[in-house]
Structure formats: structure tokens, C-alpha cells
Amino acid sequence: MGNKLYHGAAWYPELWNETVIEQDIELMKQAGMNVVRIGEFAWSNMEPTEGNIDLTFFVRMVNLLHENGIDTVMCTPTPTPPIWFTHGHPERMYVNEQLQVMGHGSRQHACTNHPYFREKAAAITKHIAQAIGRLPGLIGWQIDNEFKAHVSECMCGTCLTQWHDWLEERYETVEKLNEAWGTQIWSEYYHSFEQVPQPGPVPFLHNSSLSTMYQQFSMEKIAQFSDEQAAIIRQFSDAPITHNSSVAFSVDNERLFRELDFASFDTYATYDHPANYLLNNDLWRNFKRGRDYWIMETSPSHAASLASYAKPHPNGYLKVEAVAAYALGAEAFCYWLWRQQRAGCEQPHGSVISTWGKPTVGFPNVLEVEQARKEIEATILATRPTQAEVAMTYSDRSKAFLKTEPHQKLNHRGLVTSFYERILHLGLHRDIVPEGSELAGYKLLFTPFLPYISSDFMERATAFVAEGGVWVVGPLTGGRTEEHTLHTHAALGDLEQLAGVETIYTFPMDGSGSIGSAFDIAAPLSLWSAVFQPKEAIAIGTVEAGLTPGLAFLTERTYGQGKIVMLGSMPTGEKGELLLNKLIMHYADDAGVTLRTDVSAGTIVAPRRGDRYDVWIVVNMDGNGGIVTLPQDGIDPVTGMKYREGKLTLGRYEHKVIQFAGLL
Amino acid sequence: MGNKLYHGAAWYPELWNETVIEQDIELMKQAGMNVVRIGEFAWSNMEPTEGNIDLTFFVRMVNLLHENGIDTVMCTPTPTPPIWFTHGHPERMYVNEQLQVMGHGSRQHACTNHPYFREKAAAITKHIAQAIGRLPGLIGWQIDNEFKAHVSECMCGTCLTQWHDWLEERYETVEKLNEAWGTQIWSEYYHSFEQVPQPGPVPFLHNSSLSTMYQQFSMEKIAQFSDEQAAIIRQFSDAPITHNSSVAFSVDNERLFRELDFASFDTYATYDHPANYLLNNDLWRNFKRGRDYWIMETSPSHAASLASYAKPHPNGYLKVEAVAAYALGAEAFCYWLWRQQRAGCEQPHGSVISTWGKPTVGFPNVLEVEQARKEIEATILATRPTQAEVAMTYSDRSKAFLKTEPHQKLNHRGLVTSFYERILHLGLHRDIVPEGSELAGYKLLFTPFLPYISSDFMERATAFVAEGGVWVVGPLTGGRTEEHTLHTHAALGDLEQLAGVETIYTFPMDGSGSIGSAFDIAAPLSLWSAVFQPKEAIAIGTVEAGLTPGLAFLTERTYGQGKIVMLGSMPTGEKGELLLNKLIMHYADDAGVTLRTDVSAGTIVAPRRGDRYDVWIVVNMDGNGGIVTLPQDGIDPVTGMKYREGKLTLGRYEHKVIQFAGLL
Amino acid sequence: MGNKLYHGAAWYPELWNETVIEQDIELMKQAGMNVVRIGEFAWSNMEPTEGNIDLTFFVRMVNLLHENGIDTVMCTPTPTPPIWFTHGHPERMYVNEQLQVMGHGSRQHACTNHPYFREKAAAITKHIAQAIGRLPGLIGWQIDNEFKAHVSECMCGTCLTQWHDWLEERYETVEKLNEAWGTQIWSEYYHSFEQVPQPGPVPFLHNSSLSTMYQQFSMEKIAQFSDEQAAIIRQFSDAPITHNSSVAFSVDNERLFRELDFASFDTYATYDHPANYLLNNDLWRNFKRGRDYWIMETSPSHAASLASYAKPHPNGYLKVEAVAAYALGAEAFCYWLWRQQRAGCEQPHGSVISTWGKPTVGFPNVLEVEQARKEIEATILATRPTQAEVAMTYSDRSKAFLKTEPHQKLNHRGLVTSFYERILHLGLHRDIVPEGSELAGYKLLFTPFLPYISSDFMERATAFVAEGGVWVVGPLTGGRTEEHTLHTHAALGDLEQLAGVETIYTFPMDGSGSIGSAFDIAAPLSLWSAVFQPKEAIAIGTVEAGLTPGLAFLTERTYGQGKIVMLGSMPTGEKGELLLNKLIMHYADDAGVTLRTDVSAGTIVAPRRGDRYDVWIVVNMDGNGGIVTLPQDGIDPVTGMKYREGKLTLGRYEHKVIQFAGLL
């Protein structure tokens, strides 16, 4: 893509007449849009009847945009198969876990594993790639739209058959499956792969292995569909390919992006929890390392559908979202959607332009974004996000484990976000890193909520520690095998040996009166917990009250040049927050983390590095203003305004770009 | 019907033996019952096996009642088709939105659109009308019972076919449907009417047009069934026909009553929210103008079924319900039910007589009603409800729009009731008027919660204003087209031109910190809102804080002899209530509303007009007693007791009839 | 069984290898386990393919256990039919009330009424009984596992047919059914048994008779299955047979245990409501009079599954559970489960040994239990639970009535438990007695929440009263017939005559402002209530406010040597509790109840009687310690420690065994 920061929107010209299209182009230019995304729901327009594909309209749109200085991200329209595909064909439709067969009229209604779906999806994709793949305005591709946003695991007959094939590939013989899943339990035992059911209605719960593996099957299948689409496009186009994903969807993002060219996400977090928004940036930056990510969709004001609406952003918030995104590594900040829908089910959704062609309540904020984008673009393009020293592990596979085993309605996203939020508020620059990422460059790694630690992960983490890293493990980490069963040699498997502890007991601490003490703070303990007898490790946190007084819930072992820290339980309540904050800062000190800022919570510093100088982009995200301590004098590279070393105050939703004379 | 006030009950003699029947008649006379309603669930008694219809029993009952001075309202028994209709015929049954096929054993289990249902319903109705239509005791008819009380839109195959026919009739060509509904969105596009689905299970939401139109289809179909039934009855009987309906059911009451002769409703509101009860009276009076309505069902004490029970009325409350109803225009006040059920699923439901033939806890209250009825009858019969000057628009079509688009679980009935309650508590005499009503005679019209304003309505409202009326429009009014899409020329369509405003933005104000100020009160704003730039209008209320400071949320335009007032948002909280009360009273003053009373909230005045004199019936509804200011001296027409001009105090659940010497 | 107290666990050797099995046996001996229960889910292990039954493994296990001094309770494995039974046979599966057909992979997935299930279940049971029935280690049998724990009434085609047969047997002619159920209501009327539906989806509610009778059908059928299993076992084994049941399951426990040899139950009550736990002991002691009951399953620490976990027991609580159980008449106290599951859906469930072969957090508590068991064993074996003087009626048939008619989400178990808890806290020794129990030996009987009083029950209760007992009847008792309809001659049927009252009204008192006064306490009244005019009775409690002032809600009639007390309503709130406590103690005095203790709430006294001496086992259940007044000096039979007459203090979770010199 180009050497610029993109500012764009999703556009549906196929829904409007020529007059509106012309008006839209004009307004886009006024608003500073330099990229639009088109086509993701337009299958019925492109192929109104089966086999009759006509892409003239979209070719014309890409060219028209290009003529007006606007680049295009083209989409494949596969989330919405037309009526000729669906009508009279219940066997092609998605089936939910209640075994209800989906009908036409919404989206994601087809089973994406059905062979005929794959065939027709490949055909339309090939035609689009051929027609549009080399147009000068085309700068990128998006496959489909928000995979598995509204659906999760399909229960149709096609999936049943493919599930059996997938199992056979994974386990080779059904006997290995039986052994891996422990199917002698409850007489589940299978004699052939054909007998293994989907996790449909049963009187109580399914075997954990079956539930988790069916999710993995589903996540692998949708990624394979994405792979197929990408391979077709690449035959006819050199433009890079992405998908607009989210942590909220039933996909394995790491696997999904493996075969894509750049990462992008959609977010509709509300203004009152900026951490929900920021987490995405700190995560998506790491799905395709070294390549900027895109925010492909966010609302200029509020998300909404017929059934609900979110709180609109206060004035000023959109700008800081955009500045924070660009500063944290985004190449693009794009809206859903350009022009408010006149029909369908998303009419009330926030947009840039209204159905009647006028600026929306978000429009003034879009102009603010555009102004900020122009001001910071040169600085951003001349620098790169500074390598973080602190990392936190992220795993969509863990999300599947927790969906199978939610303990007490635990929600993976909520757990991860609140752990992340602590690191954020302490002023530590951080990466959220997918499970499979390399760990070189980090000093401190947090790995909470990862029930299954793969041997590959264990090797990388061990090497990381051996070379001087500090690895904080838990809570809820390590207690399950790849197959979602328990270890039979130690509660936390091989992790215990590495951590130099023996897990004495595991049990749910909620309601047990357990109190843990560490760093001179005593706090209630919660969640499913492990308590340790330190072996090569030493106890840092000890249980003082409850069922297991005297045992450790927090241990530390020096290993090679680094340390392994086991956090067996979750301190909770006000005291628990204090304890966790102390823990984080203690190990940040221990690990020699220097990339941190004295900044008030609610304001963030995004550090970037240029050619022998550092830049800080400071952004007040919570609307309350903030204070940051500058370690040196700096200047605003645009205005030349000077900032003195020491305390700097920011106003409500204010941002500042501070370029330092050299490296910090 | 007769020149009397009716006091009656629903009776099920087919469930009891002759001894009980005789006892019932005797007890009815003791209790003062002068009308009973019979037959609505008795199909299996009338036609035990298919085609063998015998109405001897019911003929005898009507005659027996008549001999005992009790009139009869006869029902058609179509809510409960017998087992010979249902057994082995799933294709004749109602199918809910989860696609579950209903079974036998409850009621409303059949699809009322199935041709065979219509055929058998017509046959039994014809037989009943022939047998009973000219009996001397018969004074009226009720068709079926509580249409769509337990069900809403049927999803069966019959309905699918008729839906296609209905669409074809409405849109003529599928291309017009596609255009009207904007079906290029999400590739919904249809090539034939046969492809248009019912709004069954989908992964996300259906197109708003499809959801709303399916509701309209369903409401039209059930009304047509009612029309058919009425037409059959009229061949054999001159007695007037009604249906016992409710604002809670999935029907378009205005359409339903169009072909019926008089209006009636069922209500089971509890004593702690008298407005829920009173709204029905102020609404049903207006479905068949100039003809008194009936309360066909209410409990003498409490509603109940196996699954729940309501709080019983305190002693005294039933009497004020009845007095208020008669005073507000009811011709009849009838109970469900006379004798407590011994079987079925409504055994715990309040009744007049117990299963074992004794007075229930409600019986003493029934006697109170009867005494009051006798006392006020002459006065009521000599007067008519005084024409209200204030009206509020009611639309079941809007109810359908809000079911499709509930924003945040908005409930049409709740919204309407709380708006109504403000007018009630301010002592303004009022009508709730169906959308299609003539507006002549009113001075002030409120039209909140009407997403779609028909051109017909717009014409009538415009004329109303031109001739001097004040029309207060909104909130949530005017922003949708007939097809439940957005306008494309202005947020509120043609309404804006008439109102002399331009809607600058529409967005949800909840959580946005928006504050609106008007009449010297500043209040938080809420709900989906429109903010205006006054053109020919002037700003009366201005947004002071939030996203759009300086724009108007309340405007006023003089038009012809009257005014159009736009209320773009909903003031909320304590201050919001104050603001709305001020708004209502301000425009009542402005419109010259004189039919109002200085009465404490919880007590109502029902004004009636006789031959050159006015009567007030004052009723304490909340059990706390109340105070009303009399504008003149008056007398009680029964006791001759004199009331002096000025403050008059009422006790708990007390009512007074005050006849003034002349017109007020 | 043996002359000992059992202490055991459920064991699943079929899921583990030989090394683990050996380790388990060793650890069991260390933990003091003297009995294990095996086999209840092992069908696929015993009969891996259809007809190929091999029980070698289980024979070996029973022998191995025996060699190690551990007795065995053998189970039939019928809750989990193997895949060869289920795969491709939806017609054999359980169908829930939403008509969803259950799949393989959990448990209770088959319809237990399907003839082929019965055939295969009989075959495997016969083989097991033949192979294991006379092994020296075998001391008992358990049929299946937790009947109807996850499912309730099956809606499959097999059940439909058998339902019709059952109805025909019950009613002989469909006309009698129509009459009994009052099916003329809502035109439900049936012409043949074949037309009577199952209570599947309908728009509103089913007829109460149909709902309740379908539950009775289901409860009878599962009991018949149990009978069949027991009969097969008895052909080959003399060991006594039980089932591990619960008040929470959809079974009629009284009927179920009728053909079994001893009673046992499972309980997972948490420590914070000891009454939930204790009720089971006071109830199960009475299902097989004169034969000790078993606690077949309880957790050593916490119940859990993938989807939830309970609060773990604090240290010390398990021991008092066990001591209380043995003291109250349990012969066995057994855990679920011995070794934590490595697979399936119950991995997080509390156990004695972890998946990795180490003691769990519950293990130290198991050792405490074992020590206590050894200490008290001789005393327990030399004594029997003292016959209670106070009884409270228990009826699973009533549970079915309340499921059909929950009024306002009333829960039978909750109602019964809180009534029981009052008696418990007042220090009265008590039995919870199944509906059909003989009443000889009791002085005071409470019968709340029994909507239907059978004539058999009425006879026994009348005789009980005539001979000097005090019978407290209500609330919610007597108002329904056997068919779940209302009486037609009196609100409470024949009960009224016996009680010497006329029920004037029945109605729901919640929200009615009703206040009842008795024993100098005025309290709000609640629940569906009956108010009386005393005839031969006298008013003890009178309604002071609400709808029915002056009528009685509590009456008393002397009858024969005893009294009948009618409690027509439920006093509620703090004052209601006081009133109920006074009522209970008043009638305990009146009835001459002597078996009571001055003991603080939260601590219990379990009285036992030996050969001319009494023993009290005093147990602090709530962890707060307690005080009990000893009527005489006593000694600890193990330590010889002396206790002086008067106040005795117990510490947290302390228990004491006090043997008195003679009978008290």
C-alpha cells in the first residue's frame, strides 16, 4: 500500500443511484477520505442469477474512486449468498446448536463448509479478482466479512461429515481418539469416526474434548476457506489481502491471519472503556509483525441495529481513537459506514453521512480525525512503534477452552481485557502477543488464562526465561492438555518442573475465605486456583486463611538468566487490585523494563522510534485530561512548540506529539 | 342494546351440570348480573365430532337466561378447535417463530389462516347464528376470543403461501418490493414473491421491512377472519357484534373494529397502576365513535393461572373501576368469570362464585359495583361523555414498528401508557385516538411514538393545525416510511417542511450527557432523538450539553390558526417529568383547553354532558383519597346532597356524582 | 450388610490402567475406605459391541477390593447406553419438552421406556448379576444412577403410546378421563385415548390434569424400570438393592424405594445451608423404616462440572456432615468420587485423590471423617436413632403438583426445606415422612404443601388425631383433587368437615396487605391462602387487615384425643417467622413432645437409644460453635470424659458423643 495514513469508510454504492454516488464522492473528498472498502455484501448485485456474473458496476466504482483520488479495498461478497443459492436448499444453510436451520434474509446464513458454497464462492471470487485485481485504484482485498460474528459452530450434515474427516486426520484411528478423549467415561466410546457426534442437544454436558475439538475444527475450516479465497485472488492480483476480524468472533485469529497479508479488525467499543478499544491495537499489531494493521471498521459515533444502540461517542473521542491507533501502529482508520443505511436492519447505526445526504452527528468528529491525521502523518511515517518490553499472551484457542469450561460464566474476553487494563494503567508499553509469536525482544511476559500450554509454547517460553526474561504464568494457565483433559502426572503438567513447584491442590477459591498475602498486601483469592509447595522455587505469596494456609499461591524461580513466576490464584477486590499492580510493577522492575511512563491512568503514551530519536504520542483517552512526566525536553514536530522535561498536562481528549532530541 | 348499564360475567354452563346451572342463575340474580357472555370455547360441545353440530344446549341457555331477565352475548367458539380438527393434522396448527408446531390442549393452537380452519369456522358460526341469532335474549355477539393473545405471527406453510399472495397484492411486482425494502442490502434480493421468506430463524436480524410487513400481514389476516365471521352472523342476526380485544395483543385494533359494531376490551391491570386501567377506557371509547364500549372482561379480584397470580384488588377498588368505566363511556362492566373453573389451567383465577358455589373474596365488591351501578344509571343514561379537547394518537401499527425496532427493549405499551399518565395526572380530560380518527373537536393533539406518519394522517393533522389546533409531534415520530425504511430526503420526511425545521442530526441520546432546556427547566434527554435547526419555526427547547449544543430539541411553528410543536427527544428523570408536565400544560393553555380540573393525582374527573347541564363523576382511583375543586355549586342527583363551589375531599376509593345547574 | 459403619467412594477403575488401580487400592486403605461403588457408567466397557458382554474386569475388581478388605456396591450401567445402542436410532432417545431429540455423549440420553432399551438393559443386568451376584466382596447393588437427574418427562413416540396405555389402565374409558380432567374446557375433549397429547409446546398452558398425570406416568414408569432391574438381580444375588436418589430429581421416591431394599441418596448441599443437607437425612431414614440409609454420594469438598462449581467446604465441615449422618441413621457415608476425572465434563469436581494420584484439598477432611467414624462406630452400632415425636409430611407427588401449578415460581424443595428448617432450629427431633408412612409413634404432624390429600392419607391422619396426635395442616394443603382439579363441594374438600371449618375464601394474599394475628404476634400473610369460618373449630389466628378482616387463618379443633389445626396462609417476614416458631412450639407443648433440646440454632442434637440408656450426638453444623443444655450428667463413651448437667459449649465444627446413665 501507499506511504500514507489511510482514513476511510465502508461504502455500498450498489444500494444507491448515480446521483447519490456522485454526491458521496464529493462528500468523501470534503471529509478527507482516501480509501473506501466495497463489495462485501453485494453478491446478488454481482451475480443476480446463478452463473450470470457481471462486475461492470464495481469496476466502474473502483475507477471512479481512483479518478477522485480515493483508493479501494475490494471485498469478496461471500457472507451473503443470494436467494438462488439458498431458496429451497435447507441443506446448504447454517444450523445452530439448537439444530435450527437458518433462513435467508440476514447474513452468515449459509454453511461455509458446504461444497457447493465453496464452489460458488470460488467462482465469484475468481471473477472479481480477474475483473478488479489489477485496477490502478485497488490497494487491498478483504475476504468475506466478520467471519463467525453472528454464528459459531455449524451443526449441519456437511459439517458432520467433514468433522469425521477432520478427526480421522487428527487422530488417525478412532482408538487414539477414544484414548485421547477418555471416552470410556459415560460409555461414550466410539467404534468409528462416523459415530462421533457433533455437540448438539444432550441432557447434560458433552465431553470437554469433543466440545473443544469441535470448536477447533470449526475455526480451522473457516480459516481454510479464507486460505482458498486468498489463493484465488493471488492468481489475479498483487494487492495485499486481509480480513476484518475481532476477538469477539468464533475464529482463531492467529491461524486465520497466517495466510493473509495484513491484519485488520473491527471495533465498536464504547468510549467509557477505552481499554476495550486499545487492547485491539496492542493485539492486532502483532498478528502480522512488521506490517501495519488496519482498523477496518469503527463507528464515527455509535453502533446500532434495530435491536439495540450503544452510547454515542462524546465529541473529541473519535479523534483520540484515531490518533491512538495511528500512533500504536495502524495504517488505516476506517468507518462503518459512509452513508447510513436506508433499509435492512442497521438503519440506526452511526455513519459519516446520513441517508438523506447530510453530515451526521459524527461528521464533525470525522473532520477532527482528518485534521489530526494530516498533522501527525509525517511523524508517523518517519517512525515505527517502539518494540515493547512487556508482553501478554493471547490465544483464541484458550477462548475455545473457556467456552467449553466456563467455570462460572467466565468470559475469555473479559478476563483478558481486565488483566491487560492493569498493565495499561501502570504506564507500561506492551504487546498482546498471539500464542505462537516469537518472544525475542521482550523482558517480561504475562501468560494468564491459557489452560493448555503447547510444547512449542513451552519451549519458546523456556528459552525466553533462560535468556533473561521474566515469565509470569497464571492464573488458569497450564492445567489442561491439548485434548482438554487433565494431566495425569502433575496438576499443571510439565510446567511444574520448570517452575520448580509442586501443585499440592487445585480447587475453586471463590467463597472459600481464602486470603493470600504478597508484597505486604493481603487480599481475597478467587477463581479456580492452584496452590504450591515450592521446590526449586521460593514462595512470594502465601495463603493465610482458607482451606490451605501456609501453601504458596505465588512463587518465583530463577532459571537461567531469568525467572519463572507462578500465579496460582486470582487476587480480587480492592486489595486484590493493589496486589496485582504491585506484582506487575515488581516484575517490571525485576525484568529491567525501561519502556514505561509516569502517566496518569486514562492517558496513554504511544512510543515510536525514528532514525536516532524517539517520539511520544500522548493521548488522553478518558476525557478527564491527564498528566505525563517527560524525561527530556522535546518539541512538537509540526508546530515546533517546545515541551520541557517534567510534568506535562493534557486537557480533555487532547493529544500531543513530542519528539525528543535523541533516543530515550 | 338496551337503555341500561350492563353488569355481567362470562359463563360456561357447558362445563357444569343442571343443578349448578340453576344455582348459577339464582346467584346471578342475587348479584345483579343482567348480561352474560357464553360459548367462546365450547366448539367441542357444539360439534363433538366433525359435522355433527347440535346447539340445543346453548339455545336453551339463552332462553333460560332470558326467562330470568338476563341478556346474552353469544360468542363464536373458534379459539379452540376440537380434537377432530387438530389430531393428526400438524399442518393445521400454529407455528411459532422458533418453528415449533403447536399441539392440542391449550387455545389459539390452530392457524387461523388455514383454509380448512376457515371452512369449519364458517360452518359452526353459521349454525350458531341460525340457531341463536333471533332469540329474544340475545343482545350481542362476540367473535372468537382475545385474538392473538397467546400467539403472534404464524410461521406455517399456509401462511407462507398467503404471505406471498398478500405481498403480490401489495407490491404488484417483486421488483417494487425489492425497491421498497431495499433488498439489495445483504443480497436479500428476490426474483419472485415465492422466494420471500417468513421472518423465521436467522443468524442476526431480518430486514425491518420484512419484519414489519409480516406483522401487518398477520394483523390484516386476523381482521379478515373477523370480517368473515361478522358477515356470516349478519345473515342471521341483527344483534351488534364485537370482539374482546386489548392493546397487549398482536392485532391492529383500529382495523379489527372497522367491520365490527361496537368496541370492547379485556383488562387485568392491577390496582397499583390505575393509569393502565384508565387508558383502556379513554382509548376504547374511540374505536367506535358515538357507540358505547364494553369492558368485556375484568377480574372481580385478581387474574391468575397455574403459572402466576396477580395481586388481588383491595376492597373498594372494583367499585371505582366500574364507576370510572361507566362514567368514561362504558355501557357494560363484565367479569371473567362467573364461576371459578374446576379444571383446566385457570383454576386460581378470580371469579364471582367459587367452584363450590359460594361467594368469592371478590363477591362483596361485585355487590358494591351493583349498588353503584343502580345509583348512577339514570345519570349516566341521561348524559354523554363530554367531548375531550386533548387527544393523543394511538397506533397498533406503531406497535409493530417498535416490535421490529425496539432500540433498547422499548415497549410500545409502556411508552404510550407513561405519556398518557402525565396527561391524566394533570387533570386534562382526554381521548386516546386511533391513528385514523377524525380530529375535529380537539384543540390539542399529542402524537408521540408514531414512527411512520401516513400521508392521510399528515393531511388530517395539517388541517387540524390550520384550523387552530396545536399538534405536539414526537418523540420517535415521523422517522420511518410506510415500508419501515428511512426517508432519503429528510430525517423526518415531509413533516419537517410542515414543522418548519430541518433535522440536523438523529442519534440515541441515552448515555450521551445531553441536557435540554425549556420552560426554565434543564433535564437529561433520552431515546433516539432528532435535533433541529428551526427554519420557519422557533426554538422552544435547546440542547445545552452533549454532542449538539445549541441545536433545538423542541420547536414551535405557527401554521394557519394553530401550531406545530416538534419534540425531538425525551426529557427524562425527575427534571424531565417536570419539563414534560410544563410542556403539556403550556400547550394546553396555548390551545385554549378548558376541559380540565384542579384535581389531585390519583383521583379523576369524568365529565359528562346532559341536556343543558354538566355532570362530573369524581373517582378516587389510588386509594389515598383526593381533592377536587368544584367550579360551581352542584348536587348529587340521587341523594340531592349539595356540593359547594371550591375544594371537595374524597375518601379512599370514594366516588361522587355532581350535577351542575348548567353547562360549565 | 455388615455390622459396621461404611466409609467409601465411587470408583471408576475402567477408566484407568493397572498401575493406577493398584495405587488407588493402596490409597483407599490409607484413607480408611471400606466400601466402593463401581460400574454405573461402564456399559461400553462391559458390552463394547452389541451382545458381546464381558464382565471379567469387574469380577476381578470386586475380588481385588475384597482381598484388600474393601466391600463393593455394584451398579447396573444403564444411565449410559453405548454408541451401538444410540447411533442411527433417534427413536430410542430421550425427547425434551421442546421436542429436541437428545444425542449421544452425555448421560440419560436414552428413553428408558423404549422396549429395546428395556431389553438390552435387562440383558446386561442379568449378566452382571450372574457374574457378580455371589462374589464374597459384594455387599449391595445400586440400580442405574440418579434417575431423572438431568431429564424429566420424555416426549418421544414410545412414551406417547405407553402414555395412552397408562391412561387406559387408569381411567378405563376415555369418557371417565374427560370427566376427571374436565376436558370440555377449551374444547380439549378426547374421543379416544390415542388422541390425548403429551404436554408438548402449546400457545399457553396445558390442562393441569394432563400436566400432573404425565408426570405421574413418568414417575411410575421409571419406578417400574427400577422394579424390573431389581427383580433380575434378585434371581442371582441376595445382596440388598438401592438407588442413589434425591429430592431434586423427577421421581416419586416413595414409589421408587417401595421395591428396593434400602434407601440411599446423593447430596451436594453447600456448607452455608446445613438444613439442606440435614433434611435429606431426616427424610431418607424414613423411606425404608428400620433399615439404615446410605449417603451414596457427597463431595469431599465441592461439586463442579465444566459449567459451574460450588463453594468448597471449609475444613472441618465434612467431618460434621459424616458424624451427623451416622448419628441420624446413616450406615454409610460415601464420596463422589474417589479419583478426579481426567476426561469428560466433571473434571473440576471435588474428589478424594487427584487425577495425578495425590491427595486433594478434601483429603485431610476425609481423614478426619475416618477418625471420627472409628471413634463413634461402637456407640452407633449399639444404639438406634430415637423415635421422633414430631413428623413432617413429604410428597414427591406434591412436587409434581407444584411443577404444574407453581403460582409464582414456587419451588417445592425450597418450601419444604424452609419449613423443615424452623423445626430443626427449634431443637425438636423430627422425621420427614413420606406421604404413605404409618403415623404411629408420632405426637405432632405437620402437613404443609400437600395440594392433594388422598383418602388413604386422610384416614391415617384422622386415626392419628383420634388417638391423641396433633395434626397441623397447611398452608397449600388439601385444595386439589387427585386429578389436579378443584373440589366442587368445599374449597378443601372433606378436610373441612374433619377440621370443623368452612373455607370462606381462597385467594393469593401476596400484595394484598393481609395481616394475621396469633399468639400475640401480627404478621403479613402470603401465598395462596384459605380463610375460615370456624364451625366445630375455634379461631387461633385471625385476619386483622386486608380483604377478609375477622376471618380465621389458623384454627384448632379437638377431635378424639387429639387436635386438627388448620393453617390457611403463610405468615411471612420477620414477624411471620416469629409467629411460625411460636405456632410450632405451642403445638409441640400441646402434643406433649418431650424429645426436644435446648440447643442453639446451627447446632443439632441427634438422640439415639441403646439398651436402657440414651445417647446424644451433638454436632455444630454452622461453624459458629454452639451451646446445648444437658438434662443429666453424661460421659463420652470413648474417652470416658464426663459432662455435667447444664450448659455445654461446642467449638467450631465440634461434635460430642454424650452417653447418659439411663433413659432420658
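A few points on the structure. Per-chain numbering applies: the sequence of each chain, read as written, is numbered from 1 onward. In the order they appear in the text, chains get letters beginning with A and ligands get numbers beginning with 1. Where local features are concerned, this predicted model is filtered to residues with pLDDT of at least 70; where side-chain atom pairs are given and counted, the filter is 80 or more; whole-chain, interface and lining totals use all residues.

1. Thoughts on the overall build of chain A
Here is the rule: Where helices and strands are cited, they refer to DSSP runs of H or I of at least four residues and of E of at least two residues respectively, numbered from the N terminus. When we talk radius of gyration, it's over C-alpha atoms, and the globule rule is simply 2.2 Å times the number of residues to the 0.38. Exposure classification rests on a simple neighbour count of other C-beta atoms within 10 Å of a residue's own: a residue reaching 20 or more is buried, one at 12 or fewer is exposed, and one in between is partly exposed. C-beta atoms are placed from the backbone. Each residue is represented by a C-beta atom placed from its backbone, and any two residues with such atoms within 7 Å are regarded as in contact.
Of regular secondary structure, chain A possesses 17 helices and 31 strands. Taking 664 residues into account, the globule formula puts the C-alpha radius of gyration at 26 Å, and chain A, at 26 Å, falls close to it. C-alpha extents for chain A along the principal axes are approximately 75 × 75 × 40 Å. Across the 664 residues of chain A, 62% fall into the buried class. Taking as baseline every contact in chain A between residues at least 6 positions apart, the subset at least 24 positions apart corresponds to 74%.

2. Side note on the relation of the copies chain C and chain A
Worth spelling out the cut-off: A least-squares fit on C-alpha atoms brings the copies together, and the residues used are those whose pLDDT is at least 70 in both copies.
Mapping chain C onto chain A calls for a screw motion: a turn of 120 degrees about the axis and a shift of 0.1 Å along it, with 0.1 Å RMSD after fitting. Here the symmetry operator amounts to a three-fold rotation axis.

3. Some remarks on the sheet that holds strand S26 (residues 614–620) of chain B
The condition is simple: Paired strands are those between which DSSP finds at least two bridges.
Reading across the sheet, the six strands line up as S12-S25-S26-S31-S28-S29 (chain B) and stay open at both edges, with antiparallel pairing between neighbours. This sheet does not close on itself; its edge strands, each paired only once, are strand S12 (384–385) and strand S29 (642–643) of chain B.

4. So, the environment of Asn315 of chain B
Mapping Asn315 of chain B onto the fold places it in the loop between strand S10 (308–309) and helix H11 (317–328). Along the chain, Asn315 of chain B and Ser301 of chain B lie 14 residues apart, while their C-alpha atoms are 8.8 Å from each other. With residues up to four places along the chain from it excluded, the contact list for Asn315 of chain B reads Pro364 and Asn365 of chain B together with Leu547 of chain C.

5. Overview of the interface of chain C and chain A
To keep things clear, this is the line we draw: In this count, Pro and Cys sit with the nonpolar residues alongside Ala, Val, Leu, Ile, Met, Phe, Trp and Tyr, while Asp, Glu, Lys and Arg are called charged and the others, Gly among them, polar.
Across the boundary between the two partners, chain C contributes 51 residues, which contact 45 residues of chain A. Ranked by residues supplied to the side of chain C that touches chain A, first place goes to helix H2 (residues 43–46) of chain C with three residues. Considered class by class, the residues forming the side of chain C that touches chain A number 23 nonpolar, 24 polar and four charged.

6. A closer look at the pairing of strand S3 (residues 71–75) of chain B
All names here are of chain B. Burial within S3 is extensive, with five of its five residues counted as buried. Of the pairings in the sheet, the one linking strand S2 (residues 35–38) to S3 comprises four bridges and is parallel in character. Bridging across to S3, Val35 finds its partner in Asp71. Direction of pairing for S3 relative to strand S4 (residues 138–142): parallel, over a ladder of four bridges. Among the inter-strand pairings, Cys75 is bridged to a residue of S4, identified as Gln142.

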